[in-house]
Amino acid sequence: MIFLATERLARDRIRYAERWKRWYCRSVLFILACEVKVDFEKQPLPNTYLLVSNHLSFFDPVVTLAFARGMPLAKAEIRKYPIIGYAALKTGIIYVQREEKSSRKSAREAVVLALSQDRPVLVYPEGTISPKANQLHPFKVGVFKSAH
């Protein structure tokens, strides 16, 4: 709620939102007593990147966004999740309705736009959570067309 009340005062809303997103995700990790080992902090990520990851649990974006900037590409249903859906929208997310071709096209265009504006993007190309830790769903290749 503090973020929503103070966002309008920020000079750079994108950077402000990124800081809040990182704070929120790290707070969740702290509250849940999760220990995360991060190796890439030794060599910082570039300003712009397409971060591609497998998706083992609902918690993956929280862990990733606690340590890396990024706009996740996520299913549109997340918009309806209490608190998380609206907060995700306000702090930078690209929603896609996976069953609608026009939405998938719009999402790819949003990824290209974000990357062209030097905003990193987080993608889970399976399009859903993996069934088992050592098993992946087939990748949805559409978003890879955005990384040219």
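Structure: above.
For every chain, the first residue of the written sequence is number 1, and numbering continues from 1 onward in sequence order. Given that the model is predicted, a residue must reach a pLDDT of at least 70 before its local features are reported, and side-chain atom pairs must reach 80 or more before they are shown or counted; all residues, however, enter totals for whole chains, interfaces and linings. The side-chain figures draw on all heavy atoms in the structure; neither hydrogens nor water molecules are used.

Student: Any chance you could explain a nonpolar patch on the surface here in plain terms?
Tutor: Taken together, the side chains of W23, Y24, F58 and I84 present a nonpolar region at the surface, about 440 Å² in accessible area. The way it works is that DSSP assigns letters per residue, a run of H or I at least four long becomes a helix, a run of E at least two long becomes a strand, and they are numbered from the N terminus. With respect to the element layout, Y24 can be found in helix α2 (residues 13–31). Only protein chains enter the calculation, and the probe is 1.4 Å; a residue is then buried if its accessible area is under 20% of its type maximum, exposed if over 50%, and partly exposed in between. Owing to a relative accessible area of 40%, Y24 belongs among the partly exposed residues under this scheme. Nonpolar side chains (Val, Leu, Ile, Met, Phe, Trp, Tyr) within 5 Å and like charges within 9 Å form the patches, drawn only from residues with over 30% relative accessible area and no salt bridge. Per-residue and other accessible areas were derived by the Shrake-Rupley procedure at a 1.4 Å probe size, with only the shown protein chains allowed to occlude residues. By convention in these notes, a salt bridge is any Lys or Arg side-chain nitrogen within 4 Å of a carboxyl oxygen on Asp or Glu.

Student: What is the right way to read the pattern of salt bridges from this model?
Tutor: In this structure the tally under the stated criterion is 2 salt bridges. Note that K21 is salt-bridged to E18, the shortest N-O span being 3.4 Å. Pair noted here: K21 and E18 are both in helix α2, with a separation of 3 residues, about one helical turn. Residue classification places E18 among the buried positions, given a relative accessible area of 9%. Residue K105 is joined to E109 by a salt bridge in which the shortest nitrogen-to-oxygen separation is 3.4 Å. On the criterion of helical spacing, the pair formed by K105 and E109 is a turn pair, its members being 4 residues apart in helix α5 (residues 101–116).

Student: How should I be thinking about the packing of α2 against helix α3 (residues 60–67) in this particular structure?
Tutor: Any two packed helices are characterised by how steeply their axes cross, that is the angle between the axes, and by the distance between the axes. Taken N-terminus to C-terminus, the directions of α2 and α3 make an angle of 120°; their axes are 8 Å apart at the nearest point. Between α2 and α3, the angle is such that the two are oblique. Judged by the twist between their axes, the crossing of α2 over α3 is left-handed. Contacts between α2 and α3 pair K21, R22, C25, R26, V28 and L29 from the former with V62, V63, L65, A66 and F67 from the latter. Asp, Glu, Lys and Arg are counted as charged, while Ala, Val, Leu, Ile, Met, Phe, Trp, Tyr, Cys and Pro are counted as nonpolar; the rest, among them Gly, fall into the polar class. In terms of residue class, the contact of α2 with α3 is made up of 8 nonpolar, no polar and 3 charged. Throughout, an axis means a line fitted to C-alpha atoms (over the contacting stretch in the case of helices), and angles, computed between N-to-C directions, take values from 0 to 180 degrees. To sort the angles, those under 35 degrees are grouped as roughly parallel, those over 145 as roughly antiparallel, those from 65 to 115 as roughly perpendicular, and the leftovers as oblique. The hand of a helix crossing depends on one turn: near helix anticlockwise from the far one by less than a right angle means left-handed, and clockwise means right-handed. Throughout, a residue-residue contact means that at least one pair of heavy atoms, one from each residue, lies within 4.5 Å.

Student: What's the story with α5 in this structure? I'm lost.
Tutor: Since the α-helix turns once every 3.6 residues, residues separated by three or four places project in the same direction. Under the convention used throughout, the expected extent of a helix is 1.5 Å for every residue step, that is, one less than its residue count. A rise of 1.5 Å per residue sets the reference length of α5, with its 16 residues, at 22 Å; its end C-alpha atoms lie 23 Å apart and thus fit the reference within 8%. Buried residues of α5: S103, A107, V111, A114 and L115, and no others. End-on, the buried residues of α5 take up no more than an arc of 115°, which puts them together on one face. Turned more than 90 degrees from where α5 packs its buried face, K101, S102 and S116 sit exposed. The elements touched by buried residues of α5 are β1 (50–52), β2 (71–75), β3 (94–96) and β4 (121–123). Looking one or two places after α5, you find D118, whose phi comes out positive at around 60°. As used here, the arc is the angular range of directions from the helix axis to the C-beta atoms.

Student: Honestly, the sheet that holds β4 in this entry has me stumped. Any pointers?
Tutor: Whenever strands of a sheet pair, they do so through backbone hydrogen bonds, lying parallel or antiparallel. Judged by pairing direction, the sheet is parallel, and its 4 strands sit side by side in the order β1-β4-β2-β3 without closing on themselves. Looking at which strands have only one partner, the edges of the open sheet turn out to be β1 and β3. For this sheet, the mean angle separating the axes of adjacent strands, direction not counted, is 25°. Two strands are counted as paired when DSSP detects at least two bridges linking them. Note that β2 and β3 share 3 bridges and pair parallel. Bridge pairing links L73 to I94 in β3.

Student: How do you make sense of α2 when you look at a structure like this?
Tutor: The terminal C-alpha atoms of α2, which comprises 19 residues, lie 26 Å apart, in line with the 27 Å expected from a rise of 1.5 Å per residue. Among all positions of α2, only Y16, A17, E18, K21, C25, S27, V28 and L29 are buried. Just downstream of α2 lies A33, where phi reads positive at about 55°.

Student: What should I look at first to understand the side chain of S103 in this one?
Tutor: Tracing the backbone shows S103 in helix α5. Polar contacts involving the side chain of S103 include one to the main-chain amide nitrogen of Q97, which spans 2.7 Å. If we ignore the near neighbours within four places in the chain, the residues touching S103 are V96 and Q97. Throughout this description, a polar contact denotes any pair of N or O atoms lying within 3.5 Å of each other; where both atoms belong to protein, one of them has to be capable of donating a hydrogen while the other can accept it, and for residues adjacent in sequence the pair is counted only when both atoms sit in side chains.

No statement about biological role is implied by the geometric values presented.
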